[in-house]
Structure formats: structure tokens, C-alpha cells
Amino acid sequence: MSQRHSDSSLEDKLLEGRFHAELRLDAQGNPESGLPLVRGPLQGRSNAVFQHDTPEPQPSSPEDKGPRTVILSTQSPVALKKGTEQLIPRSLAVSSKAKTPARHQSFGAAVLSKEAARRDPRLLAAPSFSLDDMDTGPGGTLTRNLRSQSYRAAMKGLGVPAGEVAPVHLSPKLHALAEESTQPPARNAARNKKILSRKRAHKGSFKDDPRFYQEIRERGLNTSQESDDDLLDEPYGPEGTRKVDTPIVVKNYRAPQVTWSQLPEVVESGILDTLPAEERKRQEAIFEILTSEFSYQHSLGILVAEFLQSRELRATMTQTEHHHLFSNILDVQSASQKFFEDLERRHKVQVCVEDISDILEEHAERHFHPYVAYCSNEVYQQRALQKLTSSNAAFRDVLREIEKRPACGGLPMISFLILPMQRVTRLPLLTDTLCLKTQGHPERYKAASRALKAISKLVRQCNEGAHKMERTEQMYTLHTQLDFSKVKSLPLISASRWLLKRGELFVAEETGLFRKLASRPTCYLFLFNDVLVVTKKKSEDSFVVQDYAQVDHIQVQKVEATEPSLPGGGNRSSSVPHPFQVTLLHNSEGRQDRILLSSDSASDRARWITALTHREQQAQGPTNKGDLPQVEIVKAYFAKQADEISLQQADVVLVLQQEDGWCYGERLRDGETGWFPEDFARCITNRVAVEGNVRRLERLRVETDV
């Protein structure tokens, strides 16, 4: 289009020469007598000037009376092709004014149009060159227009300078393509990504496009029936789409790259036409354990190759710090490799896998012991990482450069370090899903139940190992920091004792233990699972014990700041913002004492009251879990205090209490309780998913004795 409307002088010459050559015009622009009007080949001629006058065409010779084909420049194959196949924006196509018979035409255009109309009436409406396509130059000469119609239409909104006549618009040579009347249905962006990934996966194995394990969310973690129905409704061809609604809305995760029903060997076998729906669900559950293990192994490989084996990173820390940071990750990787190889070997035997419960049980009992050692080292790992990032500038710089590498996918090293804990805590839920899909087959259900118990036992050992290491070290440290010189000594170290919460609080009532202390006194509490120790802080690592009492001999009462029972009445409300009262029914001297305490925030007061009354809450027995709100963790959270709970992505938590941006809940997979920020969770609103989570919690308690 741009070449045909060029304003170069060379094209001006070629255009004028073209008309002279084709029409056999003399130097004055008059046609020679007896010339046929059939177009000849384009040849360069003398550069004559077009005239404005339009003389009548000369009569044709007798030999020209036979039918001849007149081919206009605008009707040439090239022009027709460009005019119909080019795509332009609708805004650039302008509507023309109605054509008028009095439109000025050049001599050559008049001859061509009249002769063409006489010989072939179908060419009457053919567009021709007109003054609208030309600019008038000096002396009345015509030159090619410098702007095409599309460009003129685009620039129309810029305005016409003063004294300049706006050009007359013609019928556009190019028309905008008409848009389709029906638009395709809108699709969720995340779903579109999944469809594209399926197409890639169909080209070969599911291992062709591995994903980071941190970014996937297994379907087996869902508990609602909708997730199964959604999977079955999904067409198993590469062009299939899925429903938009999901029972749990989480934006962070993507499903594994391909399902069992989409494997080429499964589609080509034709087994999907006869396979029952329940068996297809079971095959999907089996295959998801295989594909998720491969993604997990892929991420472990990045941890080893990019971080563990980095010489630059190793040079920034001591050998002990390096060991605490990476522990026995190579043993964990080896165990995962063996597990995946056994699963893949079983998968290759036949299209429909008979069962994998025996593989799960064997590896949980005999080969997954490196997970226990790795999880037991978690407390040292977190401490080493915190120390290195806060006080080692060289470590921070090298780590930042490694995390920027494309192989790491923009993920921090900590997301790779917690992979073993994340994987081992998901395996029971994936195995439980396999149990649900085999309920119609007694033998398979028994095998899946044995595998579930073996894996749940492994997870319990991992949790106990991590807690044991942390609690043992903590108790030995506190034993050296607590000074019992003012009270009867208490044997602090015990295998059955651990710290629940510690922290400093304000003393609102200057009586009893703190009568002689200065205004606005403070005390430092250490709450263990069986005893409360009240101390006075001397330094960061030294505390003088003032009193203690067994947890069973403690009463806690929440007090509002405006209650008259506060010392000074309502005038003290500003200095005692969040008070609560602790009564020691039987202290270290065998008598009763009372302390009125206050905290800085409502959430801190709620956390202290919850911790001090944990025995009473356990004695109350289970509540109706179905009525409790549920949340799903959208990003991992690491406990920073003893009463908090560490959570992995995709963990489901029953919320028991909420206060000032914090939630106190029970983790679905193992029943452990603790506090966590509500910003790390997303509420589950689908009622079917909520009920399914409650049923799973109850079933796991029975099946695994957790």
C-alpha cells in the first residue's frame, strides 16, 4: 500500500511514463490514431506532463472491433490481492462521500474507463485515478499525493492548518474486516495457561516441561466432590477446557502439567471410552503422586546444583554453618530418586496401573528415614540462615546473585530448603485421596490404608524429631538463665516439659509480688506445658525467679480497661490498655497470690490467655468442627514464637479464634495448634469443600491414630 502511494520523484516519472507507453501518447499528451487500447508491458518513456483537459477518445480501428480484455491497473492481480487480504484497523477506514458524475479525471483515466465500460460493463464501477489521488503542483501540474487515505484518516483528528484546504475523501480502497458477531466465551486466565501447557505436554512425556514444586498444587489436596467431577468433565483431548469454578480459590498454585487421561498412550488406547468413572479417578490419583514427585525432584536438583554445590556460597560460611544449612539434603534427594524410579517403573508396565500402595508403604518404612533427620535439623537450619543473612554481607551478596539466575525461577533459597518438609507433609493427604478412590475394592483399600498409616507415622516422627531437638536445646539454655535464688528451686529439665510461651508484660497492680517495684513495673513470664514461672528480667540472658505455680493451679480472667476493678478506676484505662488477671492458687510457698497484667495489643492478650488456659480447652473436649471457619495457607509461614505454628503452602487450618490480625487454629493434617498471621491464609467459602475437610480430618484421626 505504501509503495503504490509513494511520493518519490522516481515513481512520479515511472507513473507518467507508464501512461504514455500504454496509451501511446505523443509529447503533447494526445493519442496516436489507430492505437489499440489493450494494455502493453510497462516500459519507461519520456517524462511528459499530464494535461488537465480531457479530449474525446479517438475511434478505434476496424481490427480492434473484436472482443479484447482491458486490464486496469487497479484490477490487476497484485492490486486485487492486496486490496482484499490486507488487514487494517477499523478506525483507519473512512467512509466516502457519494460519488458525483462531475468528478475531474485525467485524460488517461477517462480513456481507460470509457473504453472499459464499452467493452465490459462489469468494469464500469472500477475505481480510477482522480484528482483526489493527486496533489496540484506548481504550474497546474499533478503530482502523486503524499498521504494515503488511511494516513489521512488517522491524521484527521490533528486538525487542518489555517489556509490549507482539507482533502476530499474518496471511497476507501481498503475496507476493515468485519468482526465476528459471536465472541468466544470468556476464559479464566489461569485456565488458559493450563490448556497451553497441556498442548506442550502432549508432544511427549510429562517430564518434558517440569515445574517447580513450590508452584504446583496437587488435586489430591482437594476434598470436595466438585474436584473429581471437574476432572472427569475435562475433555482428555489437547483442546479440552475445564470448568472455571474451583472449590478452593488459591492464586499461587498451578496443577501438574498433565493428567493421566491426557497421556498420548492413554488416549490412543481408547480405554477412556469404557473405563468407569471411579477407576479413572483412581488412575488420576496414582498418576498425580508420580508427576508431583517428579516436580519435587526437579526442584531438589536446583537446590543441590545452584546452592549446595556453589563454591562461591560455600566460601562465605564455615563448614558447620554449611552443614546446618543443607543438612543431609543429598540423602533426601537419593531417597526421592529411588521412590520416583519405582513409581515410573510401575507406570510403564501397563496403561492402567494396578496399584502403588505397596511402593508407598515400603519406602515410608524402609527408605524415607533421611526425612526424619532433615526435619530434626530444621531448628538449626533456620537459625543458621537467619544468622548468615543478618550478619554476613558476603553471604547475602552471593545468595542474591544465585537467586537471580534463570534456573531458580525467581524463587528464594528458603523455598527450596523447606521442600522436604513440604513434600513429606503432603504425602499423607495424597495417599488418603488414593484410599478414597479404592473404597469399592476391599483388597486395594486395605493396602492403601496400610500405606497411609506408614506415611503418617513417618510424618509424626519428623514432627517429633524437630520438636525434640528444639525443646531439648531450649530447656538446657533456660536452665542456665533462670535464677531460683529467691524461691524454692524447681528441677526445670524434664523430658516431658517444653516451653509454650514466653514474654514480657506490664504489671498493672502494684501489690503482692511487685509491691516494692517502681511505677510501671514489668515481669517476664515463662509458660511451660505444666508450670508457670514468673521472673524479673535482669538482662537478655538472665532472669530472677519471683514465683511459680503449676498450670493446674492457675486461674485467668480477661478484664476490660474501663472496669472499676482496675486500680485507679477508669482513669487507668490509658495506661492499662489490655489487662487480664492471673491468680496463683498455690504458688511456690503454698499460698494464693494475684497479679494484674497488661499487654501492648489485643492479640497479645488473647495469645496469653489462650496459652494459660490450654489445659481447660483440652478438657472441654472436641467442638463441632463443621461450624468452624476454615482457611488455606497461600504462602509458607515459619513460627517465630513458641505459641505459633509453622505452616506449609496448601495446609488447611480450622480457625478456633481470631484477634487483631492473628488466627489461632488447628492444622488439618496432624491436629497441631498455634497462632499465625491471617495475611498468610485465604478463607475457604465453598461449603462442600469445608465439609469434605472435616470428614478428612476425622478419618485421618481414625486411620492414622494421629
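Residues numbered from 1 in each chain as written. Predicted model: local features only at pLDDT ≥ 70, side-chain atom pairs only at ≥ 80, totals over all residues. Heavy atoms only, no water.

*Asks:* With reference to specific residues and values, describe the overall build of the protein.
*Replies:* Per the secondary structure count, the protein includes 21 helices and 15 strands. Buried residues in the protein amount to 47% of all 706 residues. The long-range share in the protein, meaning contacts at least 24 apart out of those at least 6 apart in sequence, stands at 69%. Carbon together with sulfur atoms contributes 52% to the accessible area of the protein, which is approximately 36,400 Å² in total. (Helix = DSSP H or I, 4+ residues; strand = E, 2+ residues; numbered from the N terminus. Buried < 20%, exposed > 50% of the residue type's maximum accessible area, 1.4 Å probe, protein only. Contact = heavy atoms within 4.5 Å. Areas by Shrake-Rupley, 256 points an atom, 1.4 Å probe, with all protein chains shown as cover.)

*Asks:* Give me the lowdown on the nonpolar core, citing residues and values where you can.
*Replies:* Counting residues in hydrophobic clusters, the biggest one holds 74 residues, and the most contacted among them are Phe-307, Leu-313, Leu-325, Phe-326, Phe-395 and Met-413. Sorting elements by how many residues they give to this core places helix α8 (residues 277-308) first, with 13 residues. Counting 20 residues, the second largest nonpolar core, distinct from the first, contains Leu-505, Cys-523, Ala-549 and Val-551. (Core = buried A, V, L, I, M, F, W, Y, C linked by side-chain atoms within 4.5 Å.)

*Asks:* Give a detailed account of the packing of aromatic side chains, specifying residues and quantitative values.
*Replies:* Geometry of an aromatic ring pair is reported as the spacing of the ring centres plus the angle between the planes. Under the criterion given, the structure shown has 12 aromatic pairs. Relative to Phe-543, the ring of Tyr-524 has its centre 4.8 Å away and its plane inclined at 40 degrees; by these criteria the two rings are tilted. Note that Tyr-524 is positioned in strand β5 (residues 522-528) and Phe-543 in strand β7 (residues 542-550), a separation of 19 residues in sequence. The buried category is assigned to Tyr-524, whose relative accessible area is 11%. Between Phe-526 and Phe-543 the ring centres are 5.0 Å apart and the planes differ by 80 degrees, which places this aromatic pair in the edge-to-face class. With Phe-526 in strand β5 and Phe-543 in strand β7, this residue pair connects regions lying 17 residues apart in the sequence. (Phe/Tyr/Trp six-rings, centres within 6.5 Å; stacked < 30°, edge-to-face > 60°.)

*Asks:* Talk me through the pattern of salt bridges; I want residue IDs and the actual numbers.
*Replies:* Two side chains carrying opposite charge are able to pair once their charged atoms lie near each other. Tallying each qualifying case throughout the model produces 29 salt bridges. One salt bridge in this structure joins Asp-432 and Arg-696, with 2.9 Å as the shortest N-O distance. Placement of the pair is Asp-432 in helix α17 (residues 419-436) and Arg-696 in helix α21 (residues 687-704), with a sequence separation of 264 residues. The exposure class assigned to Asp-432 is buried, which follows from its relative accessible area of 1%. A relative accessible area of 1% means that Arg-696 is categorised as buried. Between Arg-591 and Asp-593 there is a salt bridge whose closest N-O contact spans 3.9 Å. On the basis of relative accessible area, Asp-593 is assigned to the buried category, the value being 10%. (Salt bridge = Lys/Arg side-chain N within 4 Å of Asp/Glu carboxyl O.)

*Asks:* Got a sec to walk through the confidence of the model for the protein? Specific residues and values, please.
*Replies:* Detailed conclusions should not be drawn from predicted coordinates in areas where pLDDT is low. Overall, the prediction assigns the protein a mean pLDDT of 75, with 61% of residues at 70 or greater. Here residues 60-65 is modelled with pLDDT under 50, and outside its nearest four sequence neighbours on either side it reaches 7 contacts, counting other chains as well. A low-confidence stretch, residues 96-117 stays under pLDDT 50, and its non-local contacts, those more than four residues away or across chains, total 38 contacts. (pLDDT = per-residue confidence, 0-100.)

*Asks:* So what about the packing of helix α14 (residues 378-391) against helix α15 (residues 393-403)? Which residues, and what values?
*Replies:* The contact between α14 and α15 brings their axes to 5 Å, and the two run at 100 degrees. Our classification of the angle between α14 and α15 gives roughly perpendicular. Each of Leu-385, Leu-388, Thr-389, Ser-390 and Ser-391 in α14 lies in contact with α15, whose residues at this interface are Ala-393, Phe-395 and Arg-396. In terms of residue class, the contact of α14 with α15 is built from 4 nonpolar, 3 polar and 1 charged. (Axes fitted to C-alpha atoms, helices over the stretch in contact; angles between N-to-C directions. Parallel < 35°, antiparallel > 145°, perpendicular 65-115°, else oblique. Nonpolar A, V, L, I, M, F, W, Y, C, P; charged D, E, K, R; others polar.)

*Asks:* I'd like a description of the sheet that holds strand β14 (residues 673-677), backed by residues and values.
*Replies:* Pairing is antiparallel in the open sheet, where 5 strands are placed in the order β14-β13-β12-β11-β15. One side of each edge strand has no neighbouring strand; the edge strands of this open sheet are β14 and β15 (681-683). When the angles between neighbouring strand axes are averaged without regard to direction, this sheet yields 45 degrees. Alignment of strand β12 (residues 652-659) against strand β13 (residues 662-667), held across 6 bridges, turns out to be antiparallel. The residue of β13 that forms the bridge with Glu-659 is Trp-662. (Pairing = 2+ DSSP bridges.)

*Asks:* I'd like to hear about the sheet that holds strand β3 (residues 482-483), residue by residue, with values.
*Replies:* Read from one edge to the other, the open sheet built from 8 strands follows the order β3-β7-β6-β5-β4-β10-β9-β8, with strand pairing classed as mixed. This sheet does not close on itself; its edge strands, each paired only once, are β3 and β8 (554-558). Two strands pair when backbone bridges link them, and strand β9 (residues 578-584) and strand β10 (residues 593-599) are joined in this way by 7 bridges, in the antiparallel orientation. Opposite Pro-579, over in β10, you have Ser-598 as the bridge partner. Contacting β4 (499-507), β5, β6 (531-539), β8, β9 and β10, helix α19 (residues 602-612) runs over the sheet at an angle of about 130 degrees to β4.

*Asks:* Run through the pairing of β4, naming residues and quoting values.
*Replies:* Here β4 runs beside β5; their pairing, made up of 7 bridges, is antiparallel. If you follow Arg-502 over to β5, its bridge partner there is Phe-526. Judged from the 2 bridges that link them, β4 and β10 form a sheet pairing that is antiparallel. Bridge pairing in β10 links Val-507 to Leu-597.

*Asks:* If you had to explain the environment of Ile-329 to someone new, which residues and values would you point to?
*Replies:* Note that Ile-329 resides in helix α11 (residues 329-349). For Ile-329, a relative accessible area of 1% puts it in the buried group. C-alpha of Ile-329 to C-alpha of Leu-308: the two residues are 21 residues apart in sequence and 8.9 Å apart in space. What Ile-329 contacts, discounting residues up to four positions off in sequence, is Leu-300, Leu-303, Leu-308, Tyr-374 and Pro-420.

*Asks:* Give me α19: which residues, what numbers.
*Replies:* The buried count for α19 comes to 10 of 11 residues, which makes it a mostly enclosed element. Taken residue by residue, α19 has Ala-602, Ser-603, Arg-605, Ala-606, Arg-607, Trp-608, Ile-609, Thr-610, Ala-611 and Leu-612 as its buried positions.

*Asks:* Hey, could you go over the environment of Val-694 for me, with residue numbers and the actual values?
*Replies:* You can see Val-694 is positioned in helix α21. The class for Val-694 is buried, based on a relative accessible area of 11%. In this structure the C-alpha to C-alpha distance between Val-694 and Lys-625, which are 69 residues apart in sequence, comes to 6.5 Å. Leaving out residues up to four positions away in the same chain, Val-694 has contacts with Lys-625, Gly-626 and Gln-630.

*Asks:* Quick rundown of the packing of α8 against α17? Include the residues and the values.
*Replies:* Angle between the axes and distance between the axes are the two parameters that describe a pair of packed helices. Put simply, α8 and α17 touch, their axes get as near as 10 Å, and they point 175 degrees apart. For the element pair α8 / α17, the angle class is roughly antiparallel. In contact with Arg-282, Ala-285, Ile-286, Glu-288, Ile-289, Ser-292, Glu-293, Tyr-296, Ser-299 and Leu-300 of α8, α17 contributes Leu-419, Pro-420, Arg-423, Leu-430, Thr-433 and Leu-434. Partitioned by chemical class, the residues of the contact of α8 with α17 number 9 nonpolar, 3 polar and 4 charged.

*Asks:* Which residues make up the side chain of Thr-535, and what are the values?
*Replies:* Tracing the sequence through the fold places Thr-535 in strand β6. At 2.7 Å, the side chain of Thr-535 and the backbone oxygen of Tyr-524 are in polar contact. Excluding residues that lie within four positions of it along the chain, Thr-535 makes contacts with Leu-482, Cys-523, Tyr-524, Phe-526, Phe-543, Val-544, Val-545 and Gln-546. (Polar contact = N/O pair within 3.5 Å; in protein donor to acceptor, adjacent residues only side chain to side chain.)

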